[in-house]
Amino acid sequence: MNLPGAILTLLLVLAPAFLRPAVAEPQTTATPHEAVVEKPLKEHLFGSHPLGWADLDWEVDLYYSNLSLNIPLTDQPLRHIHEAGELEVYSKLFVDSLIPRFMMVEAAVMPLPLAGAGLKEYARDLYKAADIGREQNVIQWVTAGFEEPWAFSFFVGDMVRFDRPGESRLSSNKGYMGYLLSYSNQHIKNNVLVPDHSLEAEWKLKGERSFRDEKLSWSFRVGAKIHDNTNISNTVYLGARRSDLDFRVNPFEFLKNSTFDLRIDFSQKNGRLIRQEYVLGKKFPITSWGVALKLDIGLIWEDPARYAGTLRDRDFQNLTLVLRPNIQF
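The rules we used
Residues numbered from 1 in each chain as written. Predicted model: local features only at pLDDT ≥ 70, side-chain atom pairs only at ≥ 80, totals over all residues. Heavy atoms only, no water. 1 Å grid on protein atoms, 1.4 Å probe; cavity = no way out; pocket = protein on both sides within 12 Å on 5 of 7 lines; lining within 4 Å. Points joined across faces, edges and corners; volume = space filled by probe spheres on them. Helix = DSSP H or I, 4+ residues; strand = E, 2+ residues; numbered from the N terminus. Core = buried A, V, L, I, M, F, W, Y, C linked by side-chain atoms within 4.5 Å. Buried < 20%, exposed > 50% of the residue type's maximum accessible area, 1.4 Å probe, protein only. Contact = heavy atoms within 4.5 Å. Phe/Tyr/Trp six-rings, centres within 6.5 Å; stacked < 30°, edge-to-face > 60°. Salt bridge = Lys/Arg side-chain N within 4 Å of Asp/Glu carboxyl O.

A few points about empty space enclosed by the protein
- This structure, assessed with the given rule, holds two cavities of 30 Å³ or more.
- The volume enclosed by the second largest cavity comes to roughly 30 Å³.
- Lining the second largest cavity are E147, K225, H227, I232, S233, T235, R263, D265 and R306.
- At the level of secondary structure, the elements contributing two or more residues to the lining of the second largest cavity comprise β11 (214-227) and β13 (258-267).

Structure below.
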């Protein structure tokens, strides 16, 4: 069965879950002390808006900003997890994701990758001023690794909320596991926007635990991506990402306050390895502000066979440096 057929079959199997009635999650009232003292900076700046029958969330980031709507599909309330290890959280989500209980619709934009494409198109002199030698460019280093400038996504699966006594409840304190479909109509290649209707299907485990003194996020996924543009290879891929921030430890401890991100892509046509991405990051928390400065460094390797026709480069550079400065709230 081809990928579009598999996606259609999956949606037909899951359709009965969408028709179940949804009820609002019971609301809890925080004390005045919790609401004023324990509210993190991230919630003050970006926050969320409970709609009663759903949650409207948004997040602002230099590389991935999004607006999402979380909708319950059953009459079961959202489960809360107070104290649990990562492996315990993963196992709970895995069992419950087999029958979808929540749906999420998301619109996302990648600000810096989009800005990089804009600079190359409309400010070529400024873009060329960032050249290093003949084949490297600092702006490309800063924006590398993102294949779309924006995307629309649809998720079904299970969701849990992470709580800690004495702290206000962030809507972003959630874990997800389930099935994700994403669509975009543009592809980024070397900071150039290429017309391409793409569809991406994933099985994904994603979550974020964000409290006053520590923050942990993770993403593990297996997926496939098909392109309307025949000059771009269709792929299957594996991806993993984990990010840790702890304001209570020495910021120079190597394993603490770090990030790792990897992705490996194979051609759907012949199984050939055509792309690898490896990124490591370090965070330097500013405790008084409740934020951290962050720097990710890595490498992306691409096989020339990833592109064909007019997108195939004669002077193809297999390796691209990744350099991502950022700030985490």
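Quick notes on the nonpolar core
- Within the largest apolar cluster, eleven residues are counted, these being I81, V89, Y90, L93, V160, F162, M177, L205, F211, L216 and W218.
- Only α4 (86-96), β8 (150-162) and β11 provide two or more residues apiece to this core.
- When residues in this core are grouped by element, the largest group, three residues, is from α4.
- In terms of nonpolar packing, the next biggest core, distinct from the first, is built from seven residues, L78, F155, M159 and Y176 among them.

Quick notes on the side chain of S217
- Tracing the backbone shows S217 in strand β11.
- Residue classification places S217 among the buried positions, given a relative accessible area of 18%.
- In this view, S217 contacts G207, E208, R241, R242 and S243; residues no more than four positions away in its chain are not counted.

With respect to the packing of aromatic side chains
- The full count for this structure, using the stated rule, is three aromatic pairs.
- Taking 5.5 Å as the distance between ring centres and 15° as the angle between the ring planes, the aromatic pair formed by Y63 and F146 counts as stacked. With a gap of 83 residues between them, Y63 in the loop between β2 (55-59) and β3 (65-72) and F146 in the loop between α7 (138-143) and β8 connect regions that are remote in the sequence.
- Residue classification places Y63 among the buried residues on the basis of a relative accessible area of 4%.
- Ring geometry for F155 and Y176: centres 5.7 Å apart, planes at 85°, overall edge-to-face. Of this pair, F155 sits in strand β8 while Y176 sits in strand β9 (residues 174-189); the two residues are 21 residues apart in sequence, bridging distant segments of the chain.
- The exposure class of Y176 is buried, given its relative accessible area of 13%.

Section: the pattern of salt bridges
- Here the structure, examined in full by the defined rule, presents 20 salt bridges.
- D57 is paired through a salt bridge with K174; the nearest N and O atoms lie 3.6 Å apart. In this pair, D57 sits in strand β2 while K174 sits in strand β9, placing the two residues 117 residues apart along the sequence. Side by side, D57 and K174 carry an identical accessibility label, which is buried.
- Put simply, R275 and E302 hold a salt bridge, and the shortest N to O gap is 3.6 Å. Of this pair, R275 sits in strand β14 (residues 273-286) while E302 sits in strand β15 (residues 291-302), and the two are 27 residues apart along the sequence.
- Using a relative accessible area of 15% as the deciding quantity, one classes E302 as buried.
- Put simply, E147, E148, K225, R275, E277, E302, R306 and R324 are held in one network by salt bridges that share partners.

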